Amino acid sequence: MAISIDEAVPAPAQAAEDAPAGRRRGGTARRVIEVVLLVALAVAMLFPVLWMLETSIKENRDVYAVPAKFFNFDFTTIHYKDVFVGRDGGRSDLSGSFLNSVIVAGASTILATVLGVPAAWAYSRFTLKAKKDQLFFILSTRFMPPVVVVIPIFLMYRELGLIDSKLGLVLIYAAFNVPFTIWMMKGFVDEVPAEYEDAAMLDGYTRLQAFRKFTLPLLVPGIAATAVFALIFSWNEFVFAIFLTSSQEVRTAPPAIAGLIGGTTVDWGLVAASAVVFALPVLVFAFLVRKHLVAGVTLGAVRR
Amino acid sequence: MAGIEVTNLHKRYPDGTVAVEQVDLSIKEGELFVMLGPSGCGKTTTLRAMAGLERQTSGDIRIGTTLVNDLPPAERDIAMVFQFYALYPHLRTRDNLAFPLRAEGLPEKEVRERVAEASRMMQLDALLDRRPHRLSGGEQQRVALARALVRRPQAFLMDEPLTNLDAELRADTRTEIKHLQAQLGTTMVYVTHDQVEAMSLGHRIAILNKGRVEQVGTPLEVYDRPASLFCASFIGSPPMNLIEVEVSEGALRGPGGLVLPPPPGLPRDRTLVAGVRPEALEVTNAGTEGSVAARVVSAEALGDEIIYVLDHGGGRDLRVRMPPTARFATDDSVGLRHAGGTPPVYDLSTEELVA
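Predicted model, so just to flag it, every value in this text is computed and none were measured.

(A) Local environment of the overall build of chain A. Within chain A one finds 15 helices and zero strands. Counting all 304 residues of chain A, 38% fall into the buried class. When contacts within chain A are restricted to residue pairs at least 6 apart in sequence, those whose partners lie at least 24 apart make up 69%. Total accessible area computed for chain A in this model is approximately 18100 Å², and 69% of it derives from carbon and sulfur atoms.

Okay, here's the thing in structure tokens:
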């Protein structure tokens, strides 16, 4: 029989009932303070996001209005149109950057997943020489901030002709995502009993076929969660994008949006609208796999 | 059906761990052979090498007359049952049973016949349309057994198949496995760490320790004359009393004045240890002829028997198995005497049986 927490521990509620009136009033005051503090924190945290949303739908003169207009501003969708449509009526530069972001983030995530998932499987299933050291080395590549290596990588890329190319960005993002994919996926693979593969091998499959046909389908939720994390990293990445790309044809969205600020005038409405458009895909993906994201983050936290 | 020959098996993993030091086994056709040992003794690795799931570092494995060292698992014509059942989670019972047959490419008509036969044998007819997550542990293990026997393999390999079942179900399934093996007459290699399982199932038992075979024998041989101190302490519950003895005046004399009959051919000038089963000792009233004085440290009444722990001034407490009619209380002064045949005697330094 399942016992809910409430049933199992009635004691604290009883104690509150018996507590003297003074202490109970203290409890109420404490609650009020808690709620006030949490609301203040929430407003402070969410204000930039709300302000960005508001700015993206305000008429330009309301954007610059002093004092700021919180509610009674004139509504417009012109900024969103500007994100996608250029002044000459064709495609805007920004929309090109968004497309680049989709290609680079998508391709690097696929590459990292294709390389990382089999590696994670191998690390989970096989006894290897110095396995722990190998895994630690793989993880250690994530210890250092990207900006530390950006100059050497710039020089290497220049020699290899990868500078200012989407392929270059795809490779560097995949290189950063593979270690992460291996570590997160290893946790998921560990959870799938190796016996499925053993049984399949006795039934006539090779080791790789057994992995593909039996273990891989059970890993799909894990792969989805891992891929979303990798996608978020590639999608948001700024440092490499701004150092390694220069032309409009290759530039991804983060440096492109940053490029809108500066010069003599700043079109804040356009900046806000492009930021909203930029944030949306990640939010949608994260929402779709939210259950698995939690599983991925807490995996191995509790030993069964 | 076929026997299995394992010669000079050695398995060392790339990280340097040696799972199997050296194992030689000769399993006869139609035999239910149990490999018994504590965890890490190499029994599962040996079984997995037989199945082809691990490649041994050196040594040969023959199934029947075929050398199978380099054959993939599927071509060895064996079936395996795992501790975690390993039923394919996305398939119904029916399709789980049919899976190995379809993988072999048998015609669908024969697949259906064989599945029906196995299902009747293991009484699975009511469960055929369920998926594994809707089966209890015992039901899952019965499906796993059925999946092994639809293939009509040369040999069954069982890797602790009962460990995950609760006690009552374990006893039932144990009987079922024994019955099934007798009925089919197929060679079966059964790995377990549970000595009760080993004793009740096996035609012969191999006791493994630290990657080596310590003893191979029938359950009674293994029980009556353990080949080493390790086997002596591993088989039997409560375990054998190990008593340090000296030979003098034609008898084995232990500490506290306990006298045991000596086996012939005892070596001299070595420290000897006699192995005395709890049922080969007897608690008597104090002062009974031939007994030594002792004190009852504790009494465990198990219903069908009572286990007394006695202190007879010999350093180590002794365990004595008595019928439930015995009436001695804790702290009683009692007598203790030997009531069995000649005990096996071990050399303390080599830990091996000497007489």
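(B) Just the packing of helix α7 (residues 131–140) of chain A against helix α9 (residues 166–191) of chain A, in detail. Residues and elements named next belong to chain A. Interaxial distance between α7 and α9 falls to 8 Å at its minimum, and their mutual angle equals 130°. If you check the angle between α7 and α9, you find them oblique. Two packed elements cross with a definite hand, and for α7 against α9 that hand is left-handed. Of the residues in α9, those touching α7 at Leu135, Phe136, Ile138 and Leu139 are Pro179, Ile182, Trp183 and Lys186. Residues belonging to the contact of α7 with α9 are distributed by class as follows: seven nonpolar, no polar and one charged.

(C) Region of interest: the sheet that holds strand β19 (residues 333–338) of chain B. Residues and elements named next belong to chain B. One open sheet accounts for five strands, arranged β15-β19-β16-β17-β18; its pairing is antiparallel. Lying at the two open borders of the sheet, with one neighbouring strand each, are β15 (281–285) and β18 (318–322). Recorded for the sheet is a direction-independent mean angle of 45° between the axes of neighbouring strands. Relative to strand β17 (residues 306–311), strand β16 (residues 292–301) is paired through six bridges, and the arrangement is antiparallel. Bridge pairing links Glu300 to Ile307 in β17.

(D) Local environment of the interface of chain A and chain B. Listed as interface residues are 16 residues of chain A and, on the opposing side, 22 residues of chain B. Interface of chain A and chain B: buried area, both sides summed, is about 1700 Å²; carbon and sulfur atoms make up 67% of it. Of all residues in chain A, the largest losses of buried area upon contact with chain B belong to Glu195, Leu202 and Asp203 of chain A, amounting jointly to 38% of the total for that side. Summed over the shared surface of chain A and chain B, the result is two salt bridges.

(E) Molecular detail of the domain arrangement of chain A. Residues and elements named next belong to chain A. Taken domain by domain, chain A comprises domain 1 (2–84) and domain 2 (93–297). Centre-to-centre, using C-alpha coordinates, domain 1 lies 33 Å away from domain 2. With 12 residues of domain 1 at the contact, the number on the domain 2 side is 14 residues. Taken over both partners, the interface formed by domain 1 and domain 2 buries close to 1100 Å², and the fraction arising from carbon and sulfur atoms is 75%. When residues of domain 1 are sorted by the area they lose upon contact with domain 2, Met52, Val83 and Phe84 head the list and together hold 45% of the total. For the side of domain 1 that touches domain 2, the secondary structure elements donating two or more residues are α3 (21–56), α4 (60–63) and α5 (78–84).

(F) Summary view of the sheet that holds strand β11 (residues 241–248) of chain B. All names here are of chain B. The five strands lie next to each other as β13-β12-β11-β14-β20, forming an open sheet whose pairing is antiparallel. Every interior strand has two partners, whereas the edge strands, β13 (259–260) and β20 (345–347), have only one. Relative to β13, strand β12 (residues 251–253) runs antiparallel, the two sharing two bridges. Within the sheet, the bridge partner assigned to Arg253 lies in β13 and is Val259.

(G) Focus on the nonpolar core. Ranked by internal contacts, the top residues of the largest apolar core, which has 57 residues, are Ile4, Met35, Met50 and Leu157 of chain B. Broken down by element, the residue count for this core peaks at seven residues, all from helix α11 (residues 207–236) of chain A. Setting aside its immediate chain neighbours within four residues, Ile4 of chain B contacts Leu25, Ser26, Ile27, Met50, Ile61, Arg62, Ile63, Ala155, Leu157 and Val189 of chain B.

(H) Up close: unusual backbone geometry. Residue and element names in this part refer to chain B. Cis geometry marks the peptide bond from Ser237 to Pro238, where omega comes out at -5°. Take Pro238: it is sitting in the loop between α8 (229–234) and β11. Even without being glycine, Asp77 reaches a positive phi, approximately 60°. By secondary structure assignment, the location of Asp77 is in the loop between β5 (66–67) and β6 (78–81). By relative accessible area, which is 33% here, Asp77 ends up partly exposed. Despite not being glycine, Glu249 has its phi angle at roughly 50°, a positive value. Mapped onto the elements, Glu249 comes out in the loop between β11 and β12. Glu249 gets classed as exposed once you look at its relative accessible area, which sits at 73%.

Conventions and cut-offs
- The residue count restarts for each chain, going from 1 along the sequence in the order it is written.
- Lettering of chains starts at A and numbering of ligands starts at 1, both following the order in which they are written.
- The model is predicted, so local features are restricted to residues of pLDDT at least 70 and side-chain atom pairs to those at 80 or more, both for listing and for counting; the totals for chains, interfaces and linings are taken over all residues.
- Only hydrogens and water are set aside; all other atoms, that is, all heavy atoms of the structure, feed into the side-chain values.
- Helix numbers and strand numbers start at the N terminus; a helix is a DSSP run of H or I with at least 4 residues, a strand a run of E with at least 2.
- Throughout this description, buried means an accessible area under 20% of the type-specific maximum (1.4 Å probe, protein chains only), exposed means over 50%, and partly exposed covers the range between.
- Note on definitions: a residue-residue contact is assigned when non-hydrogen atoms from the two residues lie within 4.5 Å.
- The Shrake-Rupley method, run with a 1.4 Å probe, gives the accessible areas here. Residue values count only the displayed protein chains as cover.
- Axis definition: a line fitted to C-alpha atoms, limited for helices to the stretch in contact. Angles are taken between N-to-C directions and run from 0 to 180 degrees.
- Working definition: roughly parallel below 35 degrees, roughly antiparallel above 145 degrees, roughly perpendicular at 65 to 115 degrees, and oblique for all remaining angles.
- Should the near helix be turned counterclockwise from the far one by less than a right angle, the crossing is left-handed, whereas a clockwise turn marks it as right-handed.
- Classification used: nonpolar for Ala, Val, Leu, Ile, Met, Phe, Trp, Tyr, Cys and Pro, charged for Asp, Glu, Lys and Arg, polar for all others including Gly.
- Pairing between strands is defined by DSSP: at least two bridges between the two strands are required.
- Accessible area that two parts lose when put together, evaluated with a 1.4 Å probe and summed over both, is termed the buried area.
- Any carboxyl oxygen of Asp or Glu that lies within 4 Å of a side-chain nitrogen of Lys or Arg is treated as forming a salt bridge with it.
- For the domain bounds, the source is a domain assignment made automatically or taken from a database.
- What makes a nonpolar core is a set of buried Ala, Val, Leu, Ile, Met, Phe, Trp, Tyr and Cys residues whose side-chain atoms join them at distances within 4.5 Å.

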